[in-house]
Amino acid sequence: MKVLFDAIMVKYTGVTPTWTPASVACTGGLHREFAPQKNVMPYAVMHHISGNPEDTFTERGETYLIQFNIYTDTTSATTLDTIASAFMTLFDWCTLTVTGYYFIDMHRVFQTCYWNDELKNWTYVIQYRIQIQKTP
Amino acid sequence: MAGINFERQFKDFHHEVMAVVRANMAAKLDEAGDLVRDTMKAECPVKTSALKKSIRVRRDKKGQYIRVIAGDKKAWYIHLVLFGTSNRITKTGQDRGSTSPDNFMQRSIDQNIGKLKQILGEPIRDENNPKTFLSIKQVTDGDST
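Structure report, in brief. These figures come from a predicted structure and were not determined experimentally. (Residues numbered from 1 in each chain as written. Chains lettered and ligands numbered in written order. Predicted model: local features only at pLDDT ≥ 70, side-chain atom pairs only at ≥ 80, totals over all residues. Heavy atoms only, no water.)

**Quick word on helix α3 (residues 78-91) of chain A**
Residue and element names in this part refer to chain A. The first and last C-alpha atoms of α3 sit 20 Å apart over 14 residues, in line with the 20 Å expected at 1.5 Å per residue. Every buried residue of α3 is accounted for by Leu80, Ile83, Ala84, Ala86, Phe87, Met88, Leu90 and Phe91. Trailing α3 by a residue or two, tryptophan 93 shows a phi angle of about 55 degrees, which is positive. (Helix = DSSP H or I, 4+ residues; strand = E, 2+ residues; numbered from the N terminus. Expected span 1.5 Å × (residues − 1). Buried < 20%, exposed > 50% of the residue type's maximum accessible area, 1.4 Å probe, protein only.)

Below, the structure written as structure tokens:
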């Protein structure tokens, strides 16, 4: 679903791009599905967890579950919390411009964070449910 | 008057009605839980099978909800499977790549959402007579007060 991820990326960077607080705080950038090798933390990765068609007789709806993973390698969780807050401020109930679709809503459904003792980094997980409808 | 009769009948037979409702709800929850558990086991990534073995269903004592649980002491790493990990750099500096999230729990619900709605949305039936829907008339059958 390239158009959806493109819309998220535009929201993240800003249209011009003007760089939003989330993109300024997350210096390693936002990547889709995987980050480049040896990418410097902190960085964020967005994942497509699942999607469902929600069709009626005349309307073609789509629901997506999108996950942002934010990684920081500092022992303190301050940077992690700052970036996570910036992401939530930016994306909670935001409006995306998805080419070929009416945008319905984007709402946060779940978040958690944990310290990965093996990799020695923090992970902040934020999941969003996005609803869009195909334009005729 | 019909309204008063109905109210009296319902109060008189409240326990019988609720017994049928509870039994029905418990059976539906069991069916829904088993469906999600079976799909979760099929979708679960298997390497040592510890994670697959940890998937289980637990019903609360009052029978009001059901939980499908994954992860235990052996399968402690479930959060890393569900939500993914960052790139792993070895001591020699080699990048071994990241683990993408494999949220098989969410997927097993999404796959069965239609079936779950069907199971939980079915009309309540009397377990002693599964072909009939529950009604006040049926519960109060033989009593015309």
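Structure shown, so let's carry the discussion forward.
**Things to note about the interface of chain B and chain A**
Taken together, the contact between chain B and chain A spans 19 residues of the former and 26 residues of the latter. Where chain B touches chain A, the interface holds zero salt bridges. The interface formed by chain B and chain A includes nine residue pairs in polar contact (both at pLDDT 80 or more). Elements with a minimum of two residues in the side of chain B that touches chain A: α4 (78-83) and α5 (104-111) of chain B. (Contact = heavy atoms within 4.5 Å. Salt bridge = Lys/Arg side-chain N within 4 Å of Asp/Glu carboxyl O. Polar contact = N/O pair within 3.5 Å; in protein donor to acceptor, adjacent residues only side chain to side chain.)

**Quick look at the packing of aromatic side chains**
Residues and elements named next belong to chain A. Under the defined criterion, the tally for this structure stands at eleven aromatic pairs over all chains. Between phenylalanine 68 and tyrosine 128 the ring centres are 5.8 Å apart and the planes differ by 75 degrees, which places this aromatic pair in the edge-to-face class. With phenylalanine 68 in strand β3 (residues 60-72) and tyrosine 128 in strand β5 (residues 121-134), this pair connects stretches of sequence that are 60 residues apart. Each member of the pair, phenylalanine 68 together with tyrosine 128, is buried. One aromatic cluster is present, built from ring pairs that chain together Tyr12, Phe68, Phe87, Phe91 and Tyr128. (Phe/Tyr/Trp six-rings, centres within 6.5 Å; stacked < 30°, edge-to-face > 60°.)

**Overview of the pairing of β3(A)**
Along any regular strand, the residues point their side chains to alternate faces of the sheet. Residue and element names in this part refer to chain A. Most of β3 sits out of view: eleven of its 13 residues are buried. One ladder, built from twelve bridges, connects strand β2 (residues 43-55) with β3; its direction is antiparallel. Looking at β3, one finds that histidine 47 is bridged to glutamine 67. Following β2, the chain reverses through four residues before pairing antiparallel with β3. Note: β3 against β5, twelve bridges, orientation antiparallel. By the bridge assignment, tyrosine 71 is partnered in β5 with threonine 123. (Pairing = 2+ DSSP bridges.)

**Topic: the packing of helix α1 (residues 2-13) of chain A against α3(A)**
All names here are of chain A. Orientation of α1 relative to α3, taken along the N-to-C sense of each, is 115 degrees, at an axis distance of 10 Å. Classified by the interaxial angle, the pair formed by α1 and α3 is roughly perpendicular. In this structure, the crossing between α1 and α3 has a hand that is right-handed. Here Ile8, Lys11 and Tyr12 of α1 come into contact with α3, specifically with Phe87, Leu90 and Phe91. Of the residues in the contact of α1 with α3, the class split is five nonpolar, no polar and one charged. (Axes fitted to C-alpha atoms, helices over the stretch in contact; angles between N-to-C directions. Parallel < 35°, antiparallel > 145°, perpendicular 65-115°, else oblique. Left-handed = near helix turned anticlockwise from the far one by under 90°. Nonpolar A, V, L, I, M, F, W, Y, C, P; charged D, E, K, R; others polar.)

**Notes on the sheet that holds β2(A)**
Residue and element names in this part refer to chain A. If you walk across this open sheet you meet the five strands as β1-β2-β3-β5-β4, and the pairing is mixed. Either end of the sheet is taken by a strand with one partner, and the two such strands are β1 (30-32) and β4 (101-116). Strand-to-strand twist across the sheet, computed as the mean angle between neighbouring axes with direction ignored, equals 25 degrees.

**Some points on the pattern of salt bridges**
Within the structure shown, the criterion is met by eight salt bridges over all chains. Where Asp6(A) meets Lys2(A), a salt bridge forms, and the shortest distance between an N and an O atom there is 2.8 Å. Linking Asp6(A) with Lys2(A), this pair stays in helix α1, spanning four residues, or about one helical turn. You can call Asp6(A) partly exposed: its relative accessible area is 35%. Judged by its relative accessible area of 55%, Lys2(A) falls in the exposed class. Between Arg37(B) and Asp34(B) there is a salt bridge, with its nearest N and O atoms 3.7 Å apart.

**Regarding the nonpolar core**
One broad trend across soluble globular proteins is that nonpolar side chains are buried collectively. Of all hydrophobic cores here, the largest spans 34 residues; its most connected members are Ile8(A), Phe68(A), Phe87(A), Phe91(A), Leu96(A) and Ile130(A). Residue assignment for this core shows that the elements contributing at least two residues are α1, β2, β3, α3, β4 and β5 of chain A. Counting residues per element, this core draws most heavily on α3(A), at eight residues. Contacts of Phe68(A), omitting those with residues within four sequence positions, involve Ile8(A), Leu30(A), Val45(A), Met46(A), Phe87(A), Phe91(A), Met106(A), Tyr124(A), Val125(A), Ile126(A) and Tyr128(A). With 19 residues, the next largest nonpolar core counts Val125(A), Leu82(B), Phe83(B) and Leu116(B) among its residues. (Core = buried A, V, L, I, M, F, W, Y, C linked by side-chain atoms within 4.5 Å.)

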